[in-house]
Amino acid sequence: MTSINRIKSIFAGILMLIGSAILLNYPKEGYIVVVFILTISFLLYGIRMLIYYFTMARYMVGGIMTLYKSIIAIDFGLFVFELEDAPLRLVMLYLIGIMAFHGITVMLKALDSKRLGVSFWKYRLIYGSGMILLAIVCIFLWDIPQIVTIIYCIGLIHAGIYRITMAFRKTAIIHIE
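Conventions used here
Residues numbered from 1 in each chain as written. Predicted model: local features only at pLDDT ≥ 70, side-chain atom pairs only at ≥ 80, totals over all residues. Heavy atoms only, no water. Helix = DSSP H or I, 4+ residues; strand = E, 2+ residues; numbered from the N terminus. Buried < 20%, exposed > 50% of the residue type's maximum accessible area, 1.4 Å probe, protein only. Contact = heavy atoms within 4.5 Å. Areas by Shrake-Rupley, 256 points an atom, 1.4 Å probe, with all protein chains shown as cover. Expected span 1.5 Å × (residues − 1). Phe/Tyr/Trp six-rings, centres within 6.5 Å; stacked < 30°, edge-to-face > 60°. Arc of directions from axis to C-beta. Core = buried A, V, L, I, M, F, W, Y, C linked by side-chain atoms within 4.5 Å. pLDDT = per-residue confidence, 0-100.

Chemist: Residue-level account of the overall build of the protein chain, with values.
Modeler: For the protein chain, the helix and strand inventory stands at 6 helices and 0 strands. Going from the N terminus to the C terminus, the protein chain shows its helices and strands as α-α-α-α-α-α. For the protein chain, buried positions account for 34% of its 177 residues. Taking as baseline every contact in the protein chain between residues at least 6 positions apart, the subset at least 24 positions apart corresponds to 68%. Accessible surface, the protein chain as shown: approximately 11500 Å² in total, 73% of it carbon and sulfur.

Chemist: Residues and numbers for helix α1 (residues 3–25), please.
Modeler: With 23 residues, α1 extends 33 Å from end C-alpha to end C-alpha; this agrees with the ideal 33 Å at 1.5 Å per step. All buried positions along α1 are accounted for by Ser9, Ala12, Gly13, Gly19, Ser20 and Leu23.

Chemist: So what's going on with the packing of aromatic side chains? Residues and values would help.
Modeler: Two aromatic rings are characterised by how far apart their centres lie and by the angle between their planes. For the coordinates displayed, the defined rule picks out 4 aromatic pairs. Taken together, a centroid distance of 5.2 Å and an interplanar angle of 70 degrees make the contact between tyrosine 53 and phenylalanine 54 edge-to-face. Of the residues examined, tyrosine 53 reaches a relative accessible area of 12% and is grouped as buried. Each member of the aromatic cluster is reached from another via a ring pair, and the members are Tyr123, Tyr127 and Tyr162.

Chemist: Before we move on, can you summarise the environment of arginine 89 with the specific residues and values?
Modeler: Within the element layout of this structure, arginine 89 appears in helix α4 (residues 88–116). For arginine 89, a relative accessible area of 36% corresponds to the partly exposed category. In this structure, arginine 89 is in contact with Trp142 and Asp143, ignoring residues within four places of it in sequence.

Chemist: An account of the side chain of threonine 39 is needed here, citing residue identities and associated values.
Modeler: By the secondary structure assignment, threonine 39 is in helix α2 (residues 30–55). Sequence-distant contacts of threonine 39, defined by excluding residues within four places in its chain, comprise Gly77, Val80 and Phe81.

Chemist: Report on helix α5 (residues 121–140), specifying residues and quantitative values.
Modeler: In this model, α5 (20 residues) spans 29 Å end to end at C-alpha, consistent with the 28 Å of a helix rising 1.5 Å per residue. Taken residue by residue, α5 has Trp121, Arg124, Tyr127, Gly128, Met131, Ala135 and Cys138 as its buried positions. Down the axis of α5, the buried side of the element spans an arc of 130 degrees, and every buried residue falls inside it. Residues of α5 that are exposed and point more than 90 degrees away from the buried face comprise Lys122, Ile126, Leu133 and Phe140.

Chemist: Go over the nonpolar core, please, and point to the residues and values.
Modeler: Within the largest apolar cluster, 24 residues are counted, with the highest numbers of intra-cluster contacts made by Val80, Leu95, Met99, Tyr127, Cys138 and Tyr152. Of all the elements in the fold, those that place two or more residues in this core are α2, α4, α5 and α6 (145–168).

Chemist: Lay out the confidence of the model for the protein chain with the relevant residues and their values.
Modeler: In low-pLDDT segments, the atomic positions of the prediction should not be examined closely. Predicted confidence across the protein chain gives a mean pLDDT of 82, with 89% of residues reaching 70 or more. Mean pLDDT across the elements of the protein chain ranges from a minimum in α6, with 81, to a maximum in α1, with 88.

Written out as structure tokens, the structure is:
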């Protein structure tokens, strides 16, 4: 991980912790701020991937996937922007979906890390399964929006701490002689 990526990861972790604090303090109004942060992050990611596609990725093998990812991210960003006026339950369903998808991708990354022989694959697997478990608990407690908000905040705090700790982890360097 480069130093810029480490700074980005720390910044994203801090934003997650701030978002969870806002949601815990103001569960009724705090979701609007979180929706705004999600909208901005999806739109910026999509625009960044679109710029990357037009500058470099279109000449690469499999570069068209970068274009598809950017279009999907921009669509998600615009969709989240429209959720600002939606009822709280719809927003929470969307946030639960993001949490479950993130858990699945982290678990797949952990299994790939195990195959490659990386030492900390167990932590990733536990983290991913915890995110999926929290999403399932949120679905079962759907009738109580405050409990769903608290459970989502717990997952968000854990994700923020995870990103910050992964930023400080040393990266293995391979030397080819």
